[in-house]
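Geometric and topological summary
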Amino acid sequence: MSRAVATARDTAGASPAPADAPRAPGAAPGATAPPPAPADTARFGAWAELLRLPALFTVPGDALAGAAAAGARPGPRTLLAIGSSLCLYEAGMALNDWADREEDAAERPHRPLPSGRIRPAAALTAAGALTGAGLTLAACAGRPALAVAAPLAATVWAYDLALKQTPAGPAAMAAARGLDLLLGAAATGGGTRAALPSAALLGSHTLAVTAVSRRETTGGSVLAPLAALATTGVLTGLLARRRTFPRSGSANTLAQRTRLPAGRRAAAAPGLPGSTPAPAATDALTAALAAAYTATAARPYLHAVLNPSPPLTQRAVGGGIRATVPLQAALAARSGAPLTSLLVAALAPAGRRFARRAAMRKVSIT
């Protein structure tokens, strides 16, 4: 996955005393004791940088939006799908740096692998172990979930090892995000058909962001951020379209036609017999979240269009990544799940607070 240079804000603090400066015998009471050796902290920081921990907050919304699109309430299987998504996402992060270790040695020698803080074999082992864990969790969520997680894992490995630098790279990344949403739908609702429109919208956003990211170190491209800006406008318009849902108890509901379990609701197409408009409160929430998505993504895209320099292109990528969370929340609200959408939306400020922690400074968001 391409990297944005945008990083978490450094937090000010006093420099710790050297680890080899013990207090002298008989020192006055209250003298500051030396801190513990920083080896464990440094090791954690290296793995946090490799795995890009702050970016994990963009992942749970995929499964939650998928569950909402399937018309099902999140449950234990949804949690398993989220765990599977997190593992596969982190597998891709570790594999990304392993595959790019030679390029990073020349262009980004501060990264964990070229700097020697993490051995390449350890990163590759972590990628394999995380992939296995992700598939295991998906299998625990049921066969439909595993049927989606397997191609998702294959897409992650294919992207990092073969497709990243090819014209198929952005499409592969978009497919991975779309499959991740479908994983939540399959685990929670037992099927993916009702979630396909939401997966397509999320995939389109990911495609646009990834296309911009391919020029984040060199800049000079107006077309990619312009296309991303246009994509944002189209997606916002689609999110704002009024949806309808099946009436409970109707004999002709889409849920019955697709044989969903009792108590689960799938979104009905406008004009379908037995369907009713979404509540006004849900429409308002969807509109507010769509506006938040637009505000987060559109402004940095516009700046990159006006001045496609590397710094502004990198900011555009960062804005697009941050916009993923309000987009997921808007998709959940549009599917008639306001509580789920609010839960997803809360991940954005939580991720920002996590990224500001001293231990997470200078950790790339992608």
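Report follows, based on the coordinates.

Conventions we followed
- Residues numbered from 1 in each chain as written.
- Predicted model: local features only at pLDDT ≥ 70, side-chain atom pairs only at ≥ 80, totals over all residues.
- Heavy atoms only, no water.
- Helix = DSSP H or I, 4+ residues; strand = E, 2+ residues; numbered from the N terminus.
- Buried < 20%, exposed > 50% of the residue type's maximum accessible area, 1.4 Å probe, protein only.
- Contact = heavy atoms within 4.5 Å.
- Areas by Shrake-Rupley, 256 points an atom, 1.4 Å probe, with all protein chains shown as cover.
- Core = buried A, V, L, I, M, F, W, Y, C linked by side-chain atoms within 4.5 Å.
- Axes fitted to C-alpha atoms, helices over the stretch in contact; angles between N-to-C directions.
- Parallel < 35°, antiparallel > 145°, perpendicular 65-115°, else oblique.
- Left-handed = near helix turned anticlockwise from the far one by under 90°.
- Nonpolar A, V, L, I, M, F, W, Y, C, P; charged D, E, K, R; others polar.
- Salt bridge = Lys/Arg side-chain N within 4 Å of Asp/Glu carboxyl O.

1. So, the overall build of the chain
Across its full length, the chain holds 15 helices and two strands. Looking at the chain as a whole, 49% of its 366 residues qualify as buried. Once local pairs closer than 6 in sequence are excluded, the contacts in the chain between residues at least 24 apart make up 77%. Total accessible area on the chain stands at roughly 16900 Å², and carbon and sulfur atoms take up 64% of it.

2. Topic: the nonpolar core
Counting residues in hydrophobic clusters, the biggest one holds 54 residues, and the most contacted among them are Leu183, Leu239 and Leu331. Examining the composition of this core, we find that eight residues originate from one element, helix α7 (residues 169-189), more than from any other.

3. Observations concerning unusual backbone geometry
For residues besides glycine, phi is generally negative; the peptide bonds are generally trans as well. Within the chain, Arg52 stands out as a residue other than glycine whose phi angle is a positive 55°. By relative accessible area, which is 0% here, Arg52 ends up buried.

4. Brief notes about the packing of helix α8 (residues 196-213) against helix α9 (residues 223-240)
The geometry of α8 relative to α9 is characterised by a closest axis approach of 8 Å and an angle of 165° between their N-to-C directions. Taken together, the axes of α8 and α9 lie roughly antiparallel to each other. Helix-helix and strand crossings are classified by hand; for α8 and α9 the assignment is left-handed. Across from Leu201, Ser204, His205, Ala208, Ala211 and Val212 in α8, the residues of α9 making contact are Ala224, Pro225, Ala228, Thr231, Leu235, Leu238 and Leu239. Looking at the contact of α8 with α9 residue by residue, the class counts come to ten nonpolar, three polar and no charged.

5. Focus on the pattern of salt bridges
Scanning the entire structure with this criterion turns up nine salt bridges. Its salt-bridge partner being Arg117, residue Glu49 comes within 3.1 Å of it at the nearest N-O pair. Within this pair, whereas Glu49 is found in helix α1 (residues 39-51), its partner Arg117 is found in the loop between α4 (101-107) and α5 (120-140), the two being separated by 68 residues in sequence. Residue Arg108 is joined to Glu103 by a salt bridge in which the shortest nitrogen-to-oxygen separation is 2.9 Å. We classify Arg108 as buried; its relative accessible area is 14%. Residue class for Glu103 comes out partly exposed when judged on its relative accessible area of 32%. In the salt-bridge network here, residues are joined through shared partners; they are Glu49, Arg52, Asp97, Arg111 and Arg117.

By themselves, these are just geometric observations and shouldn't be taken as functional.
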